[in-house]
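Structural overview
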Amino acid sequence: MLNSQLIKKMKTMNSIKRYVTISFLFSLLLMACTSDFLEYEPEGVQTDDVFYSTIDGITLGVTGTYAGVNVCPASLHNLDMMYLAFGSIASDEAEAGGERGGGDIIDFQNWDKGKPEVSEPKSVSENFYAYHYKTILRANSTLGGIRLYKENNPDTSTDSLALLNQYEGEMEFLLAFEHFKLIKVYGGIPIVDHALGSAEYGITRNTVAECLHFVQEHLELAVSLLPKRSEYPASEMGRATKGAAEALLGKAYLYESSYAENYAGDARFEGCTNQYTKAAQYLENVISSNEYELVGINGETFDTYWNQDDSPMYTETPGYRYIFTVDGENSKESVFEAQSLNDGFAYMLSRGTYLTVYTAVRNTGSGSHGWGFNCPSPMLLNAYDPEDPRKMVSIGESGDPIYISTGWDTMDCIDSPSNIMTRKFEASPEQYWSNKGADGNGPNNFPHIRYADVILMAAEAAIKTGDNAKALNYINMVRKRARNGAASGVPADLSSATFEDVVTERLFELSMEGHRFFDLVRWNKTDLMVGQPLQTYLGGVPQTPPFTNDFTQGVNEFFPLPMVEIINSNGNLVQYPGYN
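Below you will find a few notes about this structure. In this convention, every chain numbers its residues from 1, walking through the sequence in written order. Per-residue local features of the predicted model are confined to residues with pLDDT of at least 70, and side-chain atom pairs are confined, for both listing and counting, to 80 or more; whole-chain, interface and lining totals are unaffected and use all residues. With hydrogens and water excluded, all non-hydrogen atoms of the structure serve as input to the side-chain values.

Segments assigned H or I by DSSP are reported as helices when at least four residues long, segments assigned E as strands when at least two residues long, and all are numbered from the N terminus. Scanning the protein from terminus to terminus reveals 21 helices and 16 strands. Its C-alpha atoms give the protein a radius of gyration of 23 Å, within 12% of the compact-globule value 25 Å for 580 residues. Dimensions of the protein, computed from C-alpha atoms along their principal axes, come out at roughly 65 × 55 × 50 Å. The proportion of buried residues among the 580 residues of the protein is 60%. Note on definitions: a residue-residue contact is assigned when non-hydrogen atoms from the two residues lie within 4.5 Å. In the protein, the share of contacts with a sequence separation of at least 24, taken over all contacts with a separation of at least 6, comes to 71%. Within the structure as shown, the protein displays about 22,200 Å² of accessible surface, and the carbon and sulfur contribution to it stands at 52%. For the radius of gyration, the atoms used are the C-alpha atoms, and the globule rule reads 2.2 Å times the number of residues raised to 0.38. Here's how the labels work: a residue is buried when its accessible area is under 20% of the maximum for its type, exposed when over 50%, partly exposed in between, all with a 1.4 Å probe on protein chains only. Here, Shrake-Rupley sampling with a 1.4 Å probe gives the accessible areas, and only protein chains in the shown set may cover a residue.

Here we take up the packing of aromatic side chains. Pairing of aromatic side chains here covers Phe, Tyr and the six-membered ring of Trp, requires ring centres within 6.5 Å, and sorts the geometry by plane angle: under 30 degrees stacked, over 60 edge-to-face, intermediate tilted. Across all of its chains, the model carries 44 aromatic pairs by this definition. Judged by centre distance (5.7 Å) and plane angle (90°), the ring pair of Phe 108 and Phe 373 falls under edge-to-face. Of this pair, Phe 108 sits in helix H6 (residues 106–112) while Phe 373 sits in strand S7 (residues 373–376), and the two are 265 residues apart along the sequence. Looking at Phe 373, the relative accessible area reads 2%, which means it is buried. Look at Tyr 259 and Phe 269: their rings are 4.7 Å apart centre to centre, the planes differ by 35°, and that puts the pair in the tilted class.

With that settled, consider the sheet that holds strand S5 (residues 363–364). The 4 strands are arranged S6-S5-S10-S9 in an open sheet whose pairing can be described as antiparallel. At either end of the open sheet lies a strand with only one pairing partner, and these are strand S6 (367–368) and strand S9 (401–404). In short, DSSP must find at least two bridges between two strands for them to pair. Inspection of the sheet shows S5 paired to strand S10 (residues 407–412) by 2 bridges, in the antiparallel sense. By the bridge assignment for S10, Thr 364 is matched with Met 411.

Before going further, it helps to spend a moment on the environment of Lys 525. Locating Lys 525 in the fold gives a position in the loop between helix H20 (516–522) and strand S13 (533–534). Judged by its relative accessible area of 18%, Lys 525 falls in the buried class. Residues contacting Lys 525, with those up to four places away along its chain left out, are Phe 499, Glu 500, Val 503 and Leu 520.

Below, the discussion takes up the packing of helix H18 (residues 468–482) against helix H19 (residues 499–510). Axes here mean lines fitted to C-alpha atoms, for a helix over just the part in contact, with angles spanning 0 to 180 degrees between N-to-C directions. Relative to each other, H18 and H19 sit at 25°, their axes nearing to 11 Å. In terms of orientation, H18 lies roughly parallel with respect to H19. As for the relative orientation of H18 and H19, their crossing is left-handed in sense. Residues Ile 475, Val 478, Arg 479 and Arg 481 of H18 touch H19, and the partners they reach there are Asp 501, Val 502, Glu 505 and Glu 509. The residue classification treats Ala, Val, Leu, Ile, Met, Phe, Trp, Tyr, Cys and Pro as nonpolar and Asp, Glu, Lys and Arg as charged. All others, Gly included, are polar. Each residue belonging to the contact of H18 with H19 can be placed in one class, and the counts come to 3 nonpolar, no polar and 5 charged. Note that the term roughly parallel is reserved for angles under 35 degrees, roughly antiparallel for angles over 145, roughly perpendicular for angles of 65 to 115, and oblique for everything else. For any helix crossing, the convention is left-handed if the near helix is rotated counterclockwise from the far helix by under a right angle, and right-handed if that rotation is clockwise.

We now examine the side chain of Ser 88. Among the secondary structure elements, Ser 88 is positioned in helix H5 (residues 79–89). Residue Ser 88 is classed as buried on the basis of its relative accessible area, which comes to 0%. Distance and chemistry together define a polar contact, namely a pair of N or O atoms within 3.5 Å, with one atom able to donate a hydrogen and the other to accept it when in protein, and with adjacent residues in sequence counting only for side-chain atoms on both sides. There is a polar contact of 2.7 Å between the side chain of Ser 88 and the side chain of Glu 93. The residues contacting Ser 88, other than those within four sequence positions of it, are Glu 93, Ala 94, Asn 374, Met 512, Glu 513 and Gly 514.

A word on a nonpolar patch on the surface. A contiguous nonpolar patch, built from Leu 76, Tyr 347 and Met 348 and spanning about 240 Å² of accessible area, is present on the exposed surface. As for its position among the elements, Met 348 is in the loop between strand S4 (334–338) and helix H13 (355–358). Exposure above 30% relative accessible area and the absence of a salt bridge qualify a residue for a patch, where like charges join within 9 Å and nonpolar side chains (Val, Leu, Ile, Met, Phe, Trp, Tyr) within 5 Å. One speaks of a salt bridge when a side-chain nitrogen belonging to Lys or Arg is within 4 Å of a carboxyl oxygen belonging to Asp or Glu.

With that settled, consider unusual backbone geometry. For the peptide bond that leads from Val 490 to Pro 491, omega is 0°, which places it in the cis range. With respect to the helices and strands, Pro 491 occurs in the loop between H18 and H19. Non-glycine residue Asp 310 carries a positive phi angle of around 55°. Judged by its relative accessible area of 79%, Asp 310 is exposed. Residue Asn 419 is not a glycine yet carries a positive backbone phi of 65°.

To continue, consider the pattern of salt bridges. Throughout the structure, instances matching the rule amount to 34 salt bridges. Among the salt bridges present, the one from Arg 239 reaches Glu 170, with a minimum N-O distance of 2.7 Å. One end of the pair, Arg 239, is in the loop between helix H9 (208–225) and helix H10 (242–262); the other, Glu 170, is in helix H8 (residues 158–186), with 69 residues separating them in the sequence. According to the relative accessible area criterion, Arg 239 is buried, its value standing at 4%. By relative accessible area, Glu 170 is classed as buried at 0%. Between Arg 522 and Asp 519 there is a salt bridge whose closest N-O contact spans 3.0 Å. One end of the pair, Arg 522, and the other, Asp 519, are both in helix H20, 3 residues apart, so they sit about a helical turn from each other. Assessed through its relative accessible area of 0%, Arg 522 is described here as buried. In this structure, a network of salt bridges that share partners links the residues Glu 333, Asp 388, Arg 390, Lys 424, Arg 450, Arg 479, Arg 481, Glu 505, Glu 509 and Glu 513.

Across the 5 residues that make up S4, a large majority, 5, are buried. In the sheet, S4 pairs with strand S12 (residues 446–450) via 4 bridges, with the strands oriented antiparallel. Residue Ser 334 lies in a different strand from S12, and its bridge partner there is Arg 450.

A few words now on the nonpolar core. Phe 108, Phe 173 and Tyr 186 are the most contacted members of the largest nonpolar core, which totals 130 residues. For this core, the element with the highest residue contribution is H8, accounting for 13 residues. Those residues in contact with Phe 108 that lie beyond four places of it in its chain are Met 81, Ala 85, Ile 89, Ala 96, Val 124, Tyr 358 and Phe 373. Counting residues in hydrophobic clusters, the runner-up holds 11 residues, among them Tyr 305, Met 313, Tyr 314 and Tyr 322. We define the nonpolar core as a collection of buried residues of types Ala, Val, Leu, Ile, Met, Phe, Trp, Tyr and Cys that are connected through side-chain atoms lying within 4.5 Å of one another.

Next up, the structure:
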């Protein structure tokens, strides 16, 4: 069959990376049509009923939905970079960065300052909102196609039925995953559980509680349908799994519980209830499944470019560095990550990411390099113990080694507003810089759910349900891996565990990965963002900050809905108070 023949020809690391390439080519065929088709009787145009009448068609529908997880709109932003802007740049752990002076990508700069605008030209938020709903449309269409196929083909073979059930579970997961990301950014959003008709585009936003309950319901179904990670062949890594669904379900219950606990009386969170017990249950399921591990917790090391060519960084690559390398993608620590590859194609044909070039330091000792966004804040730099091995993975300073096409050079952070850069999403010249067809060919996967995140969420749920001993064990597991399995050293094991220990450990372990803003909001610790100094350096020179973070509590916990969506809804979508 055509689909399987194409897949076999793709020379990539895993099937999802292959599938998104196929889906993109399929999408190009659809986009080649113009509005002229409205004037003629369509010939050979496939309706959903026809398209999903074969398992090959359903497979393409599944493929297309995955392709939307990290799609690149035409304005040079992947969804993963947009997510970092919401989750890290808007928080106290990062500053926007970009070109020197603080004027590069005004959306990022405004979010950094706590001043999100309702309407901005070429809005990043507009793209983020719209493309997530496009993926929701794909998931709903494919789910409808799967169910129609089952209904029309009652004699489907056992193997085909198992595949269809797996596909259904994957689409249920992605439907919930896309809604959940939008909830964290915008609060209550319109729930879309089917392909909308033309008369339905004026729908209103649901409450946060309704949205979270929708996510939980669909994840429950996904859990019942999806295979475990170990039940997929190695070539299928990157697909949604039972563990991914349980981890996200635990997270959704944790968010609902946090909102209920910390925002009593706030109308935005009406209907949220304490679900810490359920959160703990599903997170424990992931841990007890033995499907995942903290890579390096037993002292394992790996061979990557970080330890090659007389590296001044490592003699062997430790686990915490390894999981952020291209070599370490889809490791046993990966619960769910957006897939990217450097296919060498030109702009808008790539299935890679802009994340690699966006977060790379702007200069090295030899000249220009990346674009310098998502710069760690002085707060984050000073919070780490200098001996914590995670610090040199998360943060780079001027003079630190960096591997470029001519070998080991040094970083120059003179253009960073904090005089430092993140290092979590670097790639070697061979993997990206020397053979990319376009800037968007970055090979770095984006780690939406890591096992360490699951462990720390389970620690939080344990504390909230009165099991501090379990929380202590979990936190110390993460700290042990950080020191690569050593019996002692930095970070040392804690002797007791409190909620504040979870807060601190999440900062150190998950820094610059897009978690911090959403964590501070759900914990109602947004005072940490109020008045935060920004633009600490200009051209490498310390200066009196020209502005500070003006985060407004009671308003900026969520970002404003894009104005174009309010207009297109005929006013049925309404902003939260403070954005009117």
